[in-house]
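Close look at the chain arrangement
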Amino acid sequence: MAIGNFGTLITFETSDRRILNPQSFKREVSGRWATHSRIGKKPLRQFLGPDVEKVTFTIKLDARHGVKPRKTLEAIEKYVRNGTPENLVIGGKKVGSSKMTINSISETWDEVWNGGELVRASADLTIEEYPT
């Protein structure tokens, strides 16, 4: 069953053949503020506008669940290096108001077999809005 996707790069799904879903999904929406000092008074805050939205989550990549860990990590790394913006979709709805870029990936290689075959890994992704 499809859960969502990040462009064509990552398809989140759970089925009897493949499991790849976001875990510990966290979204941050904030504003930008300036603080102006005032003599004898509390600082005055001024709203400058919305800040870019940020999303972080973890994905587990396991060859036994139909995912190719090394191939998937290399594809994500390419997106990070190129700054390719894509839509993040969860449950059929776009997350955020703009496309997003993967700012960073932190990989953990959990299981490597004989010959260097990466069988199980996890990746923490940091994604940020790319307003146009």
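Now for a description of the structure that goes with this document. (Residues numbered from 1 in each chain as written. Predicted model: local features only at pLDDT ≥ 70, side-chain atom pairs only at ≥ 80, totals over all residues. Heavy atoms only, no water.)

**Side note on the sheet that holds strand E2 (residues 10-14)**
- Strand order across the open sheet formed by five strands is E3-E2-E1-E8-E9, with antiparallel pairing between neighbours. Only two strands of the sheet have a single neighbouring strand rather than two, namely strand E3 (19-20) and strand E9 (93-94).
- Two strands pair when backbone bridges link them, and strand E1 (residues 2-6) and E2 are joined in this way by four bridges, in the antiparallel orientation. Across the sheet, Ala2 pairs through a bridge with Glu13, a residue of E2. (Pairing = 2+ DSSP bridges. Helix = DSSP H or I, 4+ residues; strand = E, 2+ residues; numbered from the N terminus.)

**Structural notes on the nonpolar core**
- Of all hydrophobic cores here, the largest spans 22 residues; its most connected members are Phe6, Ile10, Ile59, Ile102 and Leu125.
- Among the elements of the structure, E2, strand E7 (54-62), helix H1 (69-82), strand E10 (100-113) and strand E11 (117-129) are those that each provide at least two residues to this core.
- Sort the elements by how many residues they give to this core and E11 lands first, with five residues.
- The residues contacting Ile102, other than those within four sequence positions of it, are Phe6, Leu9, Ile76, Tyr79, Val80, Leu125, Thr126 and Ile127. (Core = buried A, V, L, I, M, F, W, Y, C linked by side-chain atoms within 4.5 Å. Buried < 20%, exposed > 50% of the residue type's maximum accessible area, 1.4 Å probe, protein only. Contact = heavy atoms within 4.5 Å.)

**Brief notes about the packing of aromatic side chains**
- Summed over all chains, the structure comprises four aromatic pairs.
- Taken together, a centroid distance of 5.7 Å and an interplanar angle of 10° make the contact between Phe25 and Phe57 stacked. Here Phe25, found in strand E4 (residues 22-28), pairs with Phe57, found in strand E7; they are 32 residues apart in sequence, far enough to count as distant.
- You can call Phe25 partly exposed: its relative accessible area is 35%.
- Residue classification places Phe57 among the buried positions, given a relative accessible area of 2%.
- Aromatic pair Trp33 and Phe47: ring centres 5.1 Å apart, planes at 65°, arrangement edge-to-face. (Phe/Tyr/Trp six-rings, centres within 6.5 Å; stacked < 30°, edge-to-face > 60°.)

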